[in-house]
Amino acid sequence: MSSIDEVKSRIDIVELAAEAGVKLRRSGRTYTGFCPFHSNTRTPAFVIWPESGTWRCFGECNDGGDVFKFLMKKEGIDFKEALSRLAERAGVQLESYQAEKPQQKEENQRLRNLLEDAVTFYRHQLLNTPAGKPALDYLLEKRKLSPQTIETFGLGYAPHSWDATLKHFSEKNYTSQDLLDVGLLTERASDTQSTDIQSTNSQSTSPHVYDKFRNRIMIPIRDADGKITGFGGRILDPNDIPKFMNSPQTVLFDKGHLLYGLDRARKPIRAADQAVIVEGYLDVIALHQAGFENVVSPMGTALTEDQIRMLKRFTRRIVLALDPDAAGRKAVLRGLDAARASMDREQELRFDARGLLRHEARLQADLRVASMPDELDPDEIVQRNAAEWASLIAQAKPIVEHVLDTLIADKNVNDPKIKAEIAAQMLPLIEDLPNPVERDSYRQLLARRLKVDERSLTGAKPTASPVRRRRPTAEASQEQKPAAATASFSPFRKVEGACLALLLRRPDLLPHLDRRLQESSLGALSTADFEYTDHQMILRLIQQSLEQDEKDQAHYVEAHLDESLRETYTSLLAQSAPKGANANLSRNRDERLLDELTRQVLQVRQQSLNESVNQLRFILEEAQQSGDPRTTATQGQLMLQYGRMLNRLDEARRRMSDIRRE
Ligand SMILES: [Zn+2]
C-alpha cells in the first residue's frame, strides 16, 4: 500500500466533512448534507460514501472526489499541501521528497554545463592527442568498442597531469570551487604537499587543489533523464589504484540513486520487461553495443533499495549478472553471516542474500541471479558468443535457489553432517520469506536437494541468528498497519488504477481509446472519470504528454511528475501488466489491449453512474417534497443526462461483447 493509499484509508471523510461544518445525515450506506461549496439550496445534495472515502455534490458544483480533493477545494490548496496535511493527521510518514528548489535548479544547471564541457574536453584528449592514444587503443582493441560506441557513450581520457583539467577550466573562467563542486578536483588534505605539484599549478589558482582524475578513461555518468551527474574513471596503468574511481558525492552525483546506462536502457528495459544488472560500466557499454540494451550498472556498490525502486518504474523483473567473485561461495557465505551483514551495512557487500530478499519482498520485485562462467566478464562472454549471454540471462535463478546451489556445489550431500550444515544455513533465509507459498516451495526444494524428508527440516530449528529472531516481529507489526484502516477500496475503484497503469505503459493507446469512446457518442476519457485525485493528476500528465507531441511520452510523464505523486506512479507501474503491454507493437495485441482498456473505462463509468443515479433519486424526491424548484430543476436535468449516458454505455458495452463473439 502506498503512503497515499494509506492516508486515504485512514482519513475518515465523514469526520473531515463534519469538521468543515457539513451537517450530515446517514441514509443507508451513505451520508448526505448541504454542500459546503455552494449555497442557494434547500436540498441536501452533498453525498459521502464512507466505504470508498469519496464524496460528490449533485447540485450546482456537480463535482466530487476523494479526501484530498475535498480539502483542496475547501482550503484552496494544491495536492501536495493537502497530502502533507492529511498525512500528518493520519500519522503517515511520507517519503521525503527531494525536489530541486528554483535557485538550486539554476545552480545545478550551471554545474551540469561545466560537466558537459568536461565531457568535450576529455573526448578531445582521447581522440585527438598523442597522450590519449593508448587509452583509445585500449578501448578499440582490448575492449573491442567501435568508434561509434565510443562516441555514443561520450568516452574520454583524463590526461596524466595534476592540473590539466584545472588549467583548462580556469581559462574558461570557472573557479576551482566550481570544479570542486562537481568533483573534478580534489582538495589536498594537509599543507604538507610535495613541492612539484605546488610549482606546476601555483600561478593558475589555489595550490591546495589538483585534478582528481589523472591518466584514466573517463566515462560520463548520467541520470535516468540523461542529465550528466559526474564521471567514472578507469585506470590505464595497472599499477594505479583504485581500478575504478567515481566522482565524489556532490549535489549532482548521488551514487545510491544512480544506475549507469539507465538513460539509454530505460526503453529497452520496458520493451523486454526485464533489467539486467552488471558490475562494470564498460560491460554495460559492450553489451549495449552487442544489442543487449536492457543493461545497467550500479556505482560499484551493492544494489540499493532506491535503485531497485528506480528500475521498478520500468519492470519488476531484475537479473543480477554477477561474476563468481561477487556471487560465488565466499560472497554468499559472507552475505549469510547475519551478524556481519548488519555490522557492515555501510560497507559494500556485493551479494547480501538477506538484503536482496528483503528488497524483493518489500518492492514486490522478481530478483534473480545469473552467474558468469569461467571467470569471464560479461563483455568477454558477449564477445565470445552473444547467444551465450542471452542463455545465461534466461537461466537466471531466484536468489534462494542460487544460494542453495552455491552452498551445495562441490559438497558431498550424502554426508549427514554436511546436510545439517547446509540446512542450518538455508533455513533462516527461507523462514524469513514473507510469502508462505514461497517458503513451502523452497523447503521442498531444500529437502529434495539434500535428499532428506521435508518434515525433518520443519522440525529441526536451526541455531537462530540475532536477525532472525528480531525481524519477524518488527516486520509483522509494520504489515498490520493497514488493518487499522477505516475505508476499504471497492473493486471497481481498483479498475481505475488498472486503467491508468496500462495507459502509463502505453500512452499511445489513449487517442485510440478516445476515438472509440467518441464513436459511441461517449465523451473522451477525462479526469472526472477518476475518483482519486492522484489518479486524476497522473491522467492529466499523460494527456499533456500527448499534447506536447513528445516522442517518448512515458518519459515526459516521468520527467514532469510531481514528487508527491511519485509513489502512486511507482505502485501503478508495479502492477502486473496485461500480457503484451510491454511488448513491441503488434496490431492484434494492440487491439486486445485497447479492448481491455475500453472495457475498463466503460465499467468505471457505468458503476459510478449507477451509484449517482441512485443517490440522485433520493435527492430529487426530497427536493420535490420540500418544494425547492431550483434544486429540482438542476437535478431533473442531471437525471436526464445520467440516463442518456447510461443508455449509451449500455449500447457500447453490448457492441463490444458482440464484436468479441464474432
Ligand atoms: Zn455543491
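All values reported here derive from a predicted model rather than from experimental measurement.

Enquirer: Explain the overall build of the chain to me, please; I cannot follow it from the model alone.
Expert: Within the chain, the secondary structure is distributed over 31 helices and 16 strands. Accessible surface, the chain as shown: approximately 31,700 Å² in total, 48% of it carbon and sulfur.

Enquirer: Would you take a moment to explain the pattern of salt bridges for this structure?
Expert: A pair can form between side chains of opposite charge whenever their charged atoms are brought close. Under the criterion given, the structure shown has 38 salt bridges. Ionic pairing is found between R143 and D379, a salt bridge with its closest N-O pair at 3.1 Å. With R143 in the loop between helix 6 (133-142) and helix 7 (147-152) and D379 in helix 18 (residues 378-384), this residue pair connects regions lying 236 residues apart in the sequence. Here R143 and D379 have matching classes, each one buried. Residues D163 and K167 are paired through a salt bridge, measuring 3.7 Å at the closest nitrogen-oxygen approach. D163 gets classed as buried once you look at its relative accessible area, which sits at 7%. Among the residues examined, K167 registers a relative accessible area of 33% and is labelled partly exposed. Taken together, the shared-partner salt bridges in this structure form one network comprising D225, R266, E558, E563 and R566.

Enquirer: Explanation requested: the confidence of the model for the chain in the structure shown.
Expert: Atom-level detail of predicted coordinates should not be read off regions where pLDDT is low. In the predicted model, the chain carries a mean pLDDT of 82, and the fraction of residues at 70 or more is 83%. Below pLDDT 50 for its whole length, residues 338-349 participates in 12 contacts with residues either more than four positions away or in separate chains. Counting interchain partners and residues more than four positions distant, the pLDDT-below-50 stretch residues 460-489 has 37 contacts.

Enquirer: Any chance you could explain the nonpolar core here in plain terms?
Expert: A general feature of soluble globular proteins is that nonpolar side chains tend to end up buried together. Among the nonpolar cores identified, the biggest contains 72 residues, and F58, F68 and I538 are the most heavily contacted of them. Contacts of F68, omitting those with residues within four sequence positions, involve I4, V7, K8, F79, A82, L83, L86 and T533. One finds I269, I277, V413 and A447 within the second-largest nonpolar core, a separate group that totals 45 residues.

Enquirer: Quick question: what am I supposed to make of the packing of helix 1 (residues 3-10) against helix 4 (residues 79-90) here?
Expert: Two quantities define a packed helix pair, namely the angle between the helix axes and the distance between the axes. Relative to each other, helix 1 and helix 4 sit at 60°, their axes nearing to 9 Å. Classified by the angle between their axes, helix 1 and helix 4 sit oblique to one another. Regarding helix 1 and helix 4, the two cross each other, and that crossing is left-handed. Contacts between helix 1 and helix 4 involve I4, V7 and R10 on the former and, on the latter, F79, L83, L86, A87 and A90. Looking at the contact of helix 1 with helix 4, its residues break down into 7 nonpolar, no polar and 1 charged.

Enquirer: Would you mind showing me how to read the pairing of strand 2 (residues 30-33) here?
Expert: Consecutive side chains of a regular strand alternate in pointing toward one face of the sheet and then the other. Judged by which residues are buried, strand 2 turns out to be covered on both faces: T30 and T32 on one side and Y31 and G33 on the other are all buried. Strand direction decides the pairing type here: strand 1 (residues 24-27) and strand 2, joined by 4 bridges, are antiparallel. Following the sheet pairing, R25 is matched in strand 2 by T32. Turn length for the strand 1-strand 2 hairpin, with the two strands adjacent in sequence and antiparallel, is 2 residues, and the turn residue G28 shows positive phi of about 65°. Here strand 2 runs beside strand 3 (residues 46-49); their pairing, made up of 3 bridges, is antiparallel. Note on strand 3: the bridge partner recorded for G33 is F46.

Enquirer: Please clarify how the sheet that holds strand 6 (residues 156-158) should be interpreted in this entry.
Expert: By way of backbone hydrogen bonds, the strands of a sheet pair with one another, either parallel or antiparallel. Across the sheet, which stays open at both edges, the 4 strands sit in the order 6-9-10-11 with antiparallel pairing between neighbours. Edge positions in the sheet fall to strand 6 and strand 11 (244-246), since each has one partner strand and no second. Between one strand axis and the next, the sheet turns through 35° on average, direction left out of account. Looking at chain direction, strand 10 (residues 228-235) and strand 11 are connected through 3 bridges and run antiparallel. Bridge assignment links R234 to a residue of strand 11, and that residue is F244. The strands that helix 12 (residues 281-289) touches are strand 9 (216-222), strand 10 and strand 11; relative to strand 9, the one it contacts most, it runs at about 75°.

Enquirer: Help me out: how do you make sense of unusual backbone geometry in this one?
Expert: Peptide bonds are, in most cases, trans, and in most cases residues other than glycine have a negative phi. Going from I241 to P242, the amide bond is cis rather than trans, its omega being -10°. In the Ramachandran plot, D273 falls in the positive-phi region, its phi being about 50° despite a non-glycine side chain. You can see D273 is positioned in the loop between helix 11 (262-272) and strand 12 (275-277). On the accessibility criterion, D273 (25% relative accessible area) is partly exposed. Phi is positive for K451, which is not a glycine, with a value near 55°.

Enquirer: Would you take a moment to explain the coordination of the zinc ion for this structure?
Expert: For a metal with four donors in a tetrahedral arrangement, the ideal angle between donors is 109.5 degrees, while six donors in an octahedron ideally sit at 90 or 180 degrees. The protein atoms donating to the zinc ion are C35 (SG), H38 (ND1), C57 (SG) and C61 (SG), with metal-donor distances spanning 2.0 to 2.3 Å. Linear spacing of the donor residues for the zinc ion on their chain is C-x2-H-x18-C-x3-C. Remark: C57 occurs in strand 4 (residues 54-57) and H38 occurs in the loop between strand 2 and strand 3; sequence separation between them is 19 residues. For the pair formed by H38 and C57, the shared burial category is buried.

Quick notes on the rules
Residues numbered from 1 in each chain as written. Predicted model: local features only at pLDDT ≥ 70, side-chain atom pairs only at ≥ 80, totals over all residues. Heavy atoms only, no water. Helix = DSSP H or I, 4+ residues; strand = E, 2+ residues; numbered from the N terminus. Areas by Shrake-Rupley, 256 points an atom, 1.4 Å probe, with all protein chains shown as cover. Salt bridge = Lys/Arg side-chain N within 4 Å of Asp/Glu carboxyl O. Buried < 20%, exposed > 50% of the residue type's maximum accessible area, 1.4 Å probe, protein only. pLDDT = per-residue confidence, 0-100. Contact = heavy atoms within 4.5 Å. Core = buried A, V, L, I, M, F, W, Y, C linked by side-chain atoms within 4.5 Å. Axes fitted to C-alpha atoms, helices over the stretch in contact; angles between N-to-C directions. Parallel < 35°, antiparallel > 145°, perpendicular 65-115°, else oblique. Left-handed = near helix turned anticlockwise from the far one by under 90°. Nonpolar A, V, L, I, M, F, W, Y, C, P; charged D, E, K, R; others polar. Pairing = 2+ DSSP bridges. Donors = N, O, S within 2.8 Å, 3.2 Å for Na, K, Ca; no water.

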